[in-house]
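# Per-entry structural report
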Amino acid sequence: MEDKAVATDVPPEVWRHPLFAGCAEYVPVTQDLAIALCDAGLRRVRRMPSTADYSRLALLDAVQAQQRKALQWLDGIQDPSAIALKGLLNHLERLTGTQSNGLSDEMYQRAVTRLAESLPAQARAVLPEFPAAREDIRATLGLIRILIVDRFFRESAAWRNRYLKSAYRYADRALRYNTTTDLARMRPVLAWIRQVLTGQSRSRASYADVGCAVAEGAPAVVLAAETLRRGGLVETVHGTDIVVASRELVAHMRGEYHINLYSSNPVCRPLPMRYDVILLANVHRHLVQADQETLLRHLAASLNTQGLLFINWRFNDRESPCLCLQKNAGHIEVLAEYNCVF
């Protein structure tokens, strides 16, 4: 019997398919901020180069929240370096607040130039070159305010650990996995899966949707059960996601639809049981190539003999390619391909 712990190789032609071209990559850190560094580290540890659209906005909100907390801490610190920093922050406040509105452009530029002489090199490097619009300068000075406060706490022996723990918590809360629950996109995919199963005279097959968006209620798994159970093609239906489903959702899906939901990370290991059919839709392109390769090998290892792995991504309303791979005698072959659009 094949050892489930051993991943099964995927044929090289799969990686040359457009489905795997131009996928996610880790974005270099552009600002030397504690939260940005925590975010970059968490993304790599959790294999999340791509996240929900609102994660970036949540991270910007987190930077502001961290700054407010740090300023509260700074208020109570009376050592010479903290006093000097507070003086510099007051100077920045005067140049970004309404009190600077009465200055001419020339006077304002001279004031900013004098301020730059007292800034650390890291902060001075982000100042725009003159001539520059006053609003652009003010926006940059706001960034400098964040940078110098961040640097102060990261370099403080007394405050560093507390500050970094706070930054980690903010970054952790901002990260969310990217999910898609477009049932219109899924209907032609499931219709083609049904067509393949019918053509192979399958019956009572086991089915798993990998990355089933439990945060949104896993609606595509319900649609799969309705579509594939007709005529007895599929019997067992499971949905698995890296996000843990609530107990209420698990109980509802099991009681109402006879669907089992569970959490797993197939990038790390094969699924806990084998299936006749596995669907990977709108998932793999959120990963870097090395993790894609591991994911597919683990999913292939999670197939029964003659099992089918469907890989789909909807690029637009005219391009929704789906590959069907089949497991034969311990290796994977490309069985068919279909453009799953209406």
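Residues numbered from 1 in each chain as written. Predicted model: local features only at pLDDT ≥ 70, side-chain atom pairs only at ≥ 80, totals over all residues. Heavy atoms only, no water.

Each helix and strand counted, the chain has 12 helices and seven strands in total. Its C-alpha atoms give the chain a radius of gyration of 27 Å, more than 25% over the compact-globule value 20 Å for 342 residues. In terms of principal-axis extent, the alpha carbons of the chain reach across some 80 × 40 × 35 Å. Within the span of the chain, comprising 342 residues, buried residues form 48% of the whole. When contacts within the chain are restricted to residue pairs at least 6 apart in sequence, long-range pairs at least 24 apart make up 70% of them. Summing over all exposed atoms, the chain offers an accessible surface of approximately 17200 Å²; the carbon and sulfur share of this is 51%. Across the chain, the 41 positively charged side chains and the 36 negatively charged ones have centroids separated by 5 Å. (Helix = DSSP H or I, 4+ residues; strand = E, 2+ residues; numbered from the N terminus. Rg over C-alpha atoms; globule rule 2.2 N^0.38 Å. Buried < 20%, exposed > 50% of the residue type's maximum accessible area, 1.4 Å probe, protein only. Contact = heavy atoms within 4.5 Å. Areas by Shrake-Rupley, 256 points an atom, 1.4 Å probe, with all protein chains shown as cover. Lys, Arg positive; Asp, Glu negative; His and termini not counted. Charge placed at Lys NZ, Arg CZ, Asp CG, Glu CD.)

Quick look at the confidence of the model for the chain now. With 98% of its residues at a pLDDT of 70 or more, the chain has an overall mean of 92. This model gives residues 1-6 a pLDDT under 50, and the stretch forms 13 contacts once residues within four places in sequence are excluded. (pLDDT = per-residue confidence, 0-100.)

Turning to the environment of Val277, a few remarks are in order. For Val277, the location among the structural elements is in strand β4 (residues 275-281). A C-alpha to C-alpha distance of 5.9 Å links Val277 and Leu309, two positions 32 residues apart in sequence. Ignoring sequence-local partners within four residues, the contact set of Val277 consists of Ile193, Leu197, Ser206, Tyr207, Ala208, Leu308 and Phe310.

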